[in-house]
Amino acid sequence: MVRDEIIKKAYQCIDEVYPDTTYQDISSFNVDAFLDQAAKIIINTAPLRVLSSKDIRMSVTPVGYDNGVIRLLMPTNFQRLVSFKMEDWSHSITTFLDEDSPRYHQQYNPVLRGTPSRPAAFITSGGQFLEVYTTNANTSSSNKGIAHFYAILFDTVDDTYPQKLHDVTAWKTAELVLSALNDTQAAQICQAHTQEILQSL
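(A) Representation of the overall build of the protein chain in the model. In terms of regular secondary structure, the protein chain is built from five helices and eight strands. Start at the N end of the protein chain and walk to the C end: the helices and strands fall as α-α-β-β-β-β-β-α-β-β-β-α-α. Its C-alpha atoms give the protein chain principal-axis dimensions of roughly 65 × 35 × 30 Å. Each of the 201 residues in the protein chain was classed as buried or not, and the buried ones make up 46%. In the protein chain, once contacts between residues fewer than 6 apart in sequence are set aside, the share between residues at least 24 apart is 71%. Just so you have it, the protein chain exposes about 10,600 Å², and 48% of that area is on carbon and sulfur atoms. Between the centroid of the 16 positive side chains of the protein chain and the centroid of its 23 negative side chains there is a distance of 12 Å.

(B) The arrangement of the layout of surface pockets in detail. Here the largest pocket defines a volume of roughly 320 Å³. Around the largest pocket sit 15 residues that line it, and Ser-52, Leu-153, Phe-154, Thr-160 and Pro-162 are the ones nearest its centre.

(C) Structural detail: the packing of helix H4 (residues 166-180) against helix H5 (residues 184-200). One can describe the packing of H4 onto H5 by two numbers: an axis separation of 8 Å at closest approach and a directional angle of 160 degrees. Of the possible angle classes, the one that applies to H4 and H5 is roughly antiparallel. As for the relative orientation of H4 and H5, their crossing is left-handed in sense. Only Ala-186, Ala-187, Cys-190, Gln-191, His-193, Thr-194, Ile-197 and Leu-198 of H5 make contact with H4, whose side of the interface consists of Asp-167, Val-168, Trp-171, Lys-172, Ala-174, Glu-175, Leu-178 and Ser-179. The residue inventory of the contact of H4 with H5, partitioned by class, reads nine nonpolar, four polar and three charged.

(D) The arrangement of the side chain of Gln-107 in detail. Considering the arrangement of structural elements, one finds Gln-107 in the loop between helix H3 (102-106) and strand E6 (120-124). Sequence-distant contacts of Gln-107, that is, excluding residues within four places in its chain, are made with Arg-113, Gly-114, Ala-120, Phe-122 and Tyr-133.

(E) Molecular detail of the sheet that holds strand E4 (residues 78-86). Reading across from one edge, E1-E8-E4 is the order of the three strands in this open sheet, with antiparallel pairing throughout. Both edges of this open sheet fall to strand E1 (54-55) and E4, since each of them pairs with a single strand only. Of the strand pairs in this sheet, E1 and strand E8 (residues 146-153) are connected by two bridges, and their pairing is antiparallel. Looking at the pairing, Asp-55 lines up with Tyr-150 of E8.

(F) A look at the pattern of salt bridges. This model, assessed by the stated rule, comprises six salt bridges. A salt bridge links Arg-3 to Asp-36; the shortest N-O distance between them is 2.9 Å. Of this pair, Arg-3 sits in helix H1 (residues 2-17) while Asp-36 sits in helix H2 (residues 32-43), placing them 33 residues apart in sequence. Note that Asp-167 and Lys-9 form a salt bridge whose closest N and O atoms lie 3.1 Å from each other. Separated by 158 residues along the polypeptide, Asp-167 in helix H4 and Lys-9 in helix H1 bring together distant segments of the chain. Overlapping salt bridges bring together Arg-3, Asp-32 and Asp-36 as one network.

(G) A look at the environment of Arg-113. Mapped onto the elements, Arg-113 comes out in the loop between H3 and E6. C-alpha of Arg-113 to C-alpha of Phe-29: the two residues are 84 residues apart in sequence and 50 Å apart in space. Excluding its chain neighbours within four sequence positions, the residues that come into contact with Arg-113 are Asn-67, Val-69, Gln-106, Gln-107, Arg-118, Tyr-133 and Thr-134.

(H) Focus on unusual backbone geometry. You will see that Ser-125, though not glycine, has its phi angle at about 55 degrees, which is positive. Tracing the backbone shows Ser-125 in the loop between E6 and strand E7 (129-133). Residue Ser-125 is classed as partly exposed on the basis of its relative accessible area of 36%. Not every positive phi belongs to a glycine, and Asn-182 is a case in point at roughly 60 degrees. Structurally, Asn-182 can be placed in the loop between H4 and H5.

About the cut-offs
Residues numbered from 1 in each chain as written. Predicted model: local features only at pLDDT ≥ 70, side-chain atom pairs only at ≥ 80, totals over all residues. Heavy atoms only, no water. Helix = DSSP H or I, 4+ residues; strand = E, 2+ residues; numbered from the N terminus. Buried < 20%, exposed > 50% of the residue type's maximum accessible area, 1.4 Å probe, protein only. Contact = heavy atoms within 4.5 Å. Areas by Shrake-Rupley, 256 points an atom, 1.4 Å probe, with all protein chains shown as cover. Lys, Arg positive; Asp, Glu negative; His and termini not counted. Charge placed at Lys NZ, Arg CZ, Asp CG, Glu CD. 1 Å grid on protein atoms, 1.4 Å probe; cavity = no way out; pocket = protein on both sides within 12 Å on 5 of 7 lines; lining within 4 Å. Points joined across faces, edges and corners; volume = space filled by probe spheres on them. Axes fitted to C-alpha atoms, helices over the stretch in contact; angles between N-to-C directions. Parallel < 35°, antiparallel > 145°, perpendicular 65-115°, else oblique. Left-handed = near helix turned anticlockwise from the far one by under 90°. Nonpolar A, V, L, I, M, F, W, Y, C, P; charged D, E, K, R; others polar. Pairing = 2+ DSSP bridges. Salt bridge = Lys/Arg side-chain N within 4 Å of Asp/Glu carboxyl O.

Set out below in structure tokens:
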């Protein structure tokens with residue numbers, strides 16, 4: 001299985017950064033506990049060209065519409081936006097801002113808020129909701145009005161995990177394990193390997 005293969009690679013990464021004089025029993029390291037966390041980090045930093053996206057517009061749940069603002073309940077396994085567009089927007093967006101952004105507070109200003117030609121969308125409530133400004137599409141009872149919503153979803157590392165990310169995920173897992181053990185020097189070595197592989201993808 002892919003998960004077992006990456007875990008094995010992570011153990012090999014840990015083994016590699018320990019010279020014989022400081023070797024620890026790597027079998028005692030709980031690598032599996034850090035694997036999914038490492039994978040989420042890699043999914044959010046890897047080039048989109050090595051990831052598989054899907055249109056999730058039918059997976060979001062409309063929970064409100066008021067004065068051009070749509071509120072959508074996000075899938076719990078949403079990880080990364082690729083492209084989002086409402087049917088009445090002039091173009092798609094490739095970035096969601098968060099509610100700490102100065103632009104979020106501008107949405108309460110009728111002059112500065114988003115428009116179909118200058119769309120804006122924000123992740124709120126810790127990633128639970130997507131607030132979309134401004135659209136004429138009332139999607140309060142259906143997903144009609146969303147032209148597309150391409151995103152990267154992730155639950156856990158399984159056999160569908162991209163093969164190109166196996167090595168870099170193993171190094172990131174090793175880095176997290178060693179950081180948890182307060183071995184800063186070894187973790188930095190793993191981090192350097194991670195960055196090197198990401199740049200080559």
